[in-house]
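In case you want the letters, here they are:
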Amino acid sequence: MRLRARSALRKHRLGCRWNPLEAAVIPETIEIAGAIAAAVVAASPTPPSPHPSKIAAGRERDALFDDPSLQGMETVAAGIQVCRRCGLWRDATQGVPGEGLPQATLMFVGEQPGDLEDLRGRPFVGPAGELFDRALAEAGIAREACYVTNAVKHFKHEMRGKRRLHKTPNAGEIEACRWWLQNEVRLVAPRVVVAMGATAARAVVGRPVSVLKERGPAAPAPDRPPAFVTVHPSYLLRIPDKAARHRAFSDFVLDLAAAKALSR
């Protein structure tokens, strides 16, 4: 047994011949490896991927953001980014605060950010936003003179292949985010709040609203400015018949003009 082992070892040694060409590059290889190691040690640590950290954060108990010292829109916008009042933040790219004139007489409230709004961090910049801008122009309203926001600040969706499809926020999510809307209303102090769609109407008026039946001026929640209920621009995009869609758009423009008159 020992003779076999020695014989195998001897054959192994004979097979491992020293290559002088390989030996020549060993010092250079060691020098390069040392330089790489020194660079790695000196470099700043790479920040972890946001996705795993988001998952880890999601395992923790959500915390309410109810700081009573919200004194400006910048504070509101910063707070929305760290809001954990409901779970919608987990799958959204970012929170989307409102934007516009800080002391606007007209405030427009939509449902929630869409796919493009979630990516860009601004309200009403997608297809519904383009239609909204057209309607504002026809009603004689400058968007930059208004304040535009959403009832829910994070994009609620479901994946369908690689596409993110809109999902309607539920009553709990609307109520959780209503705290932000109330602060926006308090800071802007508009004369009229225009609620576009059922989700916005529920957040503004404080109860479920049938938009097509209660369209027009509505009694707001206590200690809130007058409200005006109308359809959401995305409703117009879903009307298949061209003539019906044109009539619905004209009615929407009339609603915006009526809200403008109410704000005077």
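Residues numbered from 1 in each chain as written. Predicted model: local features only at pLDDT ≥ 70, side-chain atom pairs only at ≥ 80, totals over all residues. Heavy atoms only, no water.

Student: Please clarify how the overall build of the protein chain should be interpreted in this entry.
Tutor: Across its full length, the protein chain holds 10 helices and eight strands. Out of the 264 residues in the protein chain, the part that is buried amounts to 39%. Partitioning the intrachain contacts of the protein chain with sequence separation of at least 6 by distance along the chain shows that 72% fall at a separation of at least 24. (Helix = DSSP H or I, 4+ residues; strand = E, 2+ residues; numbered from the N terminus. Buried < 20%, exposed > 50% of the residue type's maximum accessible area, 1.4 Å probe, protein only. Contact = heavy atoms within 4.5 Å.)

Student: Honestly, helix α8 (residues 198–205) in this entry has me stumped. Any pointers?
Tutor: An α-helix turns once per 3.6 residues; consequently, residues spaced three or four apart project the same way. Extensive coverage of α8 is indicated by the burial of six of its eight residues. Among all positions in α8, only T199, A200, A201, A203, V204 and V205 are buried. Each element contacted by the buried residues of α8 is listed here: β2 (106–110), α7 (171–188), β6 (192–196), β7 (216–218) and β8 (227–230). Of the residues trailing α8, G206 is marked for its positive phi of about 95 degrees.

Student: Can you walk me through the packing of aromatic side chains in this structure?
Tutor: What describes a pair of aromatic rings is the distance from one ring centre to the other and the angle between the planes of the rings. Under the criterion given, the structure shown has three aromatic pairs. Note on F124 and F132: the rings are 5.1 Å apart at their centroids and 45 degrees apart in plane angle, and the pair reads as tilted. Note on accessibility: F124 and F132 belong to one class, buried. Consider the rings of W179 and W180, whose centres lie 4.8 Å apart with planes at 80 degrees: the pair is edge-to-face. Judged by its relative accessible area of 17%, W179 is buried. Three or more aromatic residues link up through ring pairs in this structure, and these residues are F108, F124 and F132. Of note, R84 hangs over the ring of W89, and the distance from its end group to the ring centre comes to 3.7 Å. (Phe/Tyr/Trp six-rings, centres within 6.5 Å; stacked < 30°, edge-to-face > 60°. Lys NZ or Arg CZ within 6 Å of the ring centre and 35° of its normal.)

Student: What is the right way to look at the confidence of the model for the protein chain in this model?
Tutor: Regions with low pLDDT carry predicted coordinates that are not meant to be interpreted in detail. Looking at the protein chain as a whole, its pLDDT mean stands at 82, while 74% of the residues score no less than 70. Predicted confidence is poor over residues 32–63, with pLDDT under 50, and the contacts of this stretch with residues over four places away or in other chains come to 16 contacts. (pLDDT = per-residue confidence, 0-100.)

Student: Hey, could you run me through the sheet that holds β8 in this one?
Tutor: Remark on secondary structure: sheet strands pair via backbone hydrogen bonds, oriented parallel or antiparallel. Spatial ordering of the open sheet is given by β1-β3-β2-β6-β8-β7, a layout of six strands whose pairing is mixed. The strands lining the two open edges of the sheet, one partner per strand, are β1 (99–100) and β7. Relative to β8, β7 runs antiparallel, the two sharing three bridges. Bridged to A218 within β8 is A227. (Pairing = 2+ DSSP bridges.)

Student: So what exactly am I meant to see when it comes to the pairing of strand β5 (residues 163–166) here?
Tutor: Every regular strand shows the same layout, with side chains that alternate between the two sheet faces. Note: strand β4 (residues 157–160) against β5, four bridges, orientation antiparallel. The residue of β5 that forms the bridge with M159 is R164. Between the antiparallel neighbours β4 and β5 lie two residues, among them G161 with a positive phi of about 70 degrees.

Student: Would you take a moment to explain the pattern of salt bridges for this structure?
Tutor: Pairing between side chains of opposite charge can happen when the charged atoms of each approach one another. All told, the structure shown has 11 salt bridges when counted by the stated rule. With a shortest N-O distance of 3.5 Å, R143 and E99 are connected by a salt bridge. Of this pair, R143 sits in the loop between α6 (127–138) and β3 (147–150) while E99 is found in strand β1, placing the two residues 44 residues apart along the sequence. Here the salt bridges share partners, and the residues they tie into one network are E99, R122, D133 and R143. (Salt bridge = Lys/Arg side-chain N within 4 Å of Asp/Glu carboxyl O.)

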